[in-house]
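Coordinate analysis (summary)
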Amino acid sequence: MPELPVSPHIRFSLKRNGTALVKWLCLAVLVGLTVGLVGSLFHIVLEWATETRTAHPWLLYLLPVAGLAIVGAYRLLDMSDDKGTEMVLTAIRSGQPMRLRTAPLIFFATALTHLCGGSAGREGAALQLGGSISDAIGKLLRLKEGDEKIITMCGMAAGFSALFGTPVSAAVFAMEVERIGVMQYAAIVPCLVASILASGVAGAFGISATGFTVTDVPEMTLQTLAVIVAFGVLCGILANLFCRAMGLGGAFYRKITDNPWLKVVLGGCIIIALTLLLGTRDYNGAGMDVIQRALEGEAAPLAFVLKIAFTALTLGAGYKGGEIVPSFFVGATFGCVVAPLLGLSSSFGGALAMVAVFCGVTNSPMTSILLGCEMFTGVGLEPIALVVAVSFMTSGYHSLYHQQKIAYSKFQAKQIDTFSGDGSDE
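Thresholds, definitions, all that
Residues numbered from 1 in each chain as written. Predicted model: local features only at pLDDT ≥ 70, side-chain atom pairs only at ≥ 80, totals over all residues. Heavy atoms only, no water. Helix = DSSP H or I, 4+ residues; strand = E, 2+ residues; numbered from the N terminus. Rg over C-alpha atoms; globule rule 2.2 N^0.38 Å. Buried < 20%, exposed > 50% of the residue type's maximum accessible area, 1.4 Å probe, protein only. Areas by Shrake-Rupley, 256 points an atom, 1.4 Å probe, with all protein chains shown as cover. Lys, Arg positive; Asp, Glu negative; His and termini not counted. Charge placed at Lys NZ, Arg CZ, Asp CG, Glu CD. Contact = heavy atoms within 4.5 Å. Salt bridge = Lys/Arg side-chain N within 4 Å of Asp/Glu carboxyl O. Phe/Tyr/Trp six-rings, centres within 6.5 Å; stacked < 30°, edge-to-face > 60°. Lys NZ or Arg CZ within 6 Å of the ring centre and 35° of its normal. Axes fitted to C-alpha atoms, helices over the stretch in contact; angles between N-to-C directions. Parallel < 35°, antiparallel > 145°, perpendicular 65-115°, else oblique. Nonpolar A, V, L, I, M, F, W, Y, C, P; charged D, E, K, R; others polar. pLDDT = per-residue confidence, 0-100.

Summing up its helical and strand segments, the protein has 16 helices and three strands in all. Here the C-alpha atoms of the protein give a radius of gyration of 21 Å, agreeing with the 22 Å that 2.2 N^0.38 yields for 426 residues. Expressed as lengths along the three principal axes of its C-alpha atoms, the size of the protein is roughly 80 × 60 × 45 Å. When each of the 426 residues of the protein is scored for burial, the buried share is 56%. Counting only carbon and sulfur atoms, one obtains 66% of the accessible surface of the protein, whose full area is about 17,800 Å². One finds the centroid of the 27 positive side-chain charges in the protein at a distance of 9 Å from the centroid of its 28 negative side-chain charges.

When helix α15 (residues 365-375) is considered as a whole, its buried residues turn out to be Pro 365, Thr 367, Ser 368, Ile 369, Leu 371, Gly 372 and Met 375. Of the surrounding elements, those touching the buried residues of α15 are α7 (167-176), α13 (324-338), α14 (346-362) and α16 (381-394). Of the residues trailing α15, Thr 377 is marked for its positive phi of about 50 degrees.

Applying the stated criterion across every chain, the model contains six salt bridges. Across the pair Asp 135 and Lys 139 runs a salt bridge whose closest N-O atoms are separated by 2.1 Å. Note that Asp 135 and Lys 139 are positioned in helix α5 (residues 123-140) at a spacing of four residues, about one turn of the helix. A relative accessible area of 3% means that Asp 135 is categorised as buried. On the basis of relative accessible area, Lys 139 is assigned to the partly exposed category, the value being 36%. Members of the salt-bridge network, linked through shared partners, are Asp 282, Asp 289, Arg 293 and Glu 298.

This part covers the environment of Gly 331. Tracing the sequence through the fold places Gly 331 in helix α13. On a C-alpha basis, the gap between Gly 331 and Val 355 in space is 7.4 Å, while along the polypeptide they are 24 residues apart.

A ring pair, where both rings are aromatic, is described by two values, the distance of the centres and the angle of the planes. On inspection of all chains with the given rule, the structure shows 13 aromatic pairs. Note on Phe 164 and Phe 328: the rings are 6.1 Å apart at their centroids and 80 degrees apart in plane angle, and the pair reads as edge-to-face. One end of the pair, Phe 164, is in helix α6 (residues 145-164); the other, Phe 328, is in helix α13, and 164 residues separate them in sequence. On the numbers, 5.7 Å between centres and 45 degrees between planes, the contact of Phe 328 with Phe 358 is tilted. Here the residue Phe 328 occupies a position in helix α13, and Phe 358 occupies one in helix α14, the gap between them amounting to 30 residues. Residues Phe 328 and Phe 358 agree in their burial class; the two are buried. Connected via pairs of aromatic rings, a cluster forms that spans Phe 160, Phe 164, Phe 173, Phe 328 and Phe 358. The ring of Phe 329 has Lys 307 lying over it, and the distance from NZ or CZ to the ring centre is 4.9 Å. A cation over an aromatic ring shows up here: Lys 320 above the ring of Tyr 74, its NZ or CZ 4.7 Å from the ring centre.

Contact geometry for helix α11 (residues 288-295) and α14: axes closest at 7 Å, N-to-C directions at 130 degrees. Taken together, the axes of α11 and α14 are oblique relative to one another. Contacts from Ile 291, Ala 294 and Leu 295 of α11 reach α14 at Ser 346, Ser 347, Gly 350, Ala 351 and Met 354. Of the residues contributing to the contact of α11 with α14, the split by class is five nonpolar, three polar and no charged.

For the protein, mean pLDDT is 90; residues scoring 70 or higher make up 95% of the total. Per-residue pLDDT, averaged within each element of the protein, yields its smallest value for helix α3 (residues 85-94) (72) and its largest for helix α10 (residues 260-278) (97).

Structure (structure tokens):
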């Protein structure tokens, strides 16, 4: 029987493989150190913004002014059409170039949003920071198109890792999020190296990794399995609602005006009014302290609903930040309140819902499982993996990122290749 021809691309070549490894190790070190430094500074500035806002509550009343400064800065630098994290995903998929000015703009705008009490996260800014800086490095080194995509993933991974201190899940997220069902394994070494280095740089600045203590983890009995499946369904539905609400925030303002100056002032005034009406500052900023309390068993019954509303109204108005930390907030508070009704503890229910809702809004199950391992130190791996899987299946095809491509169906073994939100009838 004649031998089948072997493609020259898959023949073993020590020289070729070794050269590629050395090249990507060098590039990953460069990206990891650079983005790690910028990401660490960004983390320090956001912590300062949160502490300053807490110490000086009157800063909330400057939120409309902060919004005008953000709109003005983007206009001044010709970035009024900025699409945020969507641009990073587009750059990975099509090689569309990013502009380096994205980095200082998103740094400034997110810090100002947090300082004055807008409800937003930080990871969207981290992905844009990392993506734009690494893209600039790729252009400077004249990398070819395929390599430019990989180095952009490295920047995303490093930015995420510098802020959260979860290097493995950050690396996988950068490879997984752009096209669900198809991962670019060519990026695994550079993404991991860049991510680990960025986390190390953050640690050198005294920035602690994001981690939580989880208690009352149940044994995996048949009854527990059934409860976790049911809980995963609820988390998937909640994630879908969260994604839809983020879209409705922008639509709400567009019905009133298309003027970005008016939208951002109106949004700032609405956030101020809601904060005063509720009599609490829990829903301003990222809300990491609320997440911590939820995992300790304390959360207001409607906290998850209110955080969705605050975040949609903040980002829809034109303020900057991200939705992932708010999704953690929503998941943790929802789990804390609902899990006891199903027989799970508030602490463990909050942890499960955190990663399950994150999975539902990003369609990134592998990342979510690894994130649970890194944030909760490997506690409850089996139930975490199960709740993530169920949430992924039941959350539908909506996502925080409209430029995310869904390569394969969630329900059957077939390729669909649709953008998130376009495959709901599949």
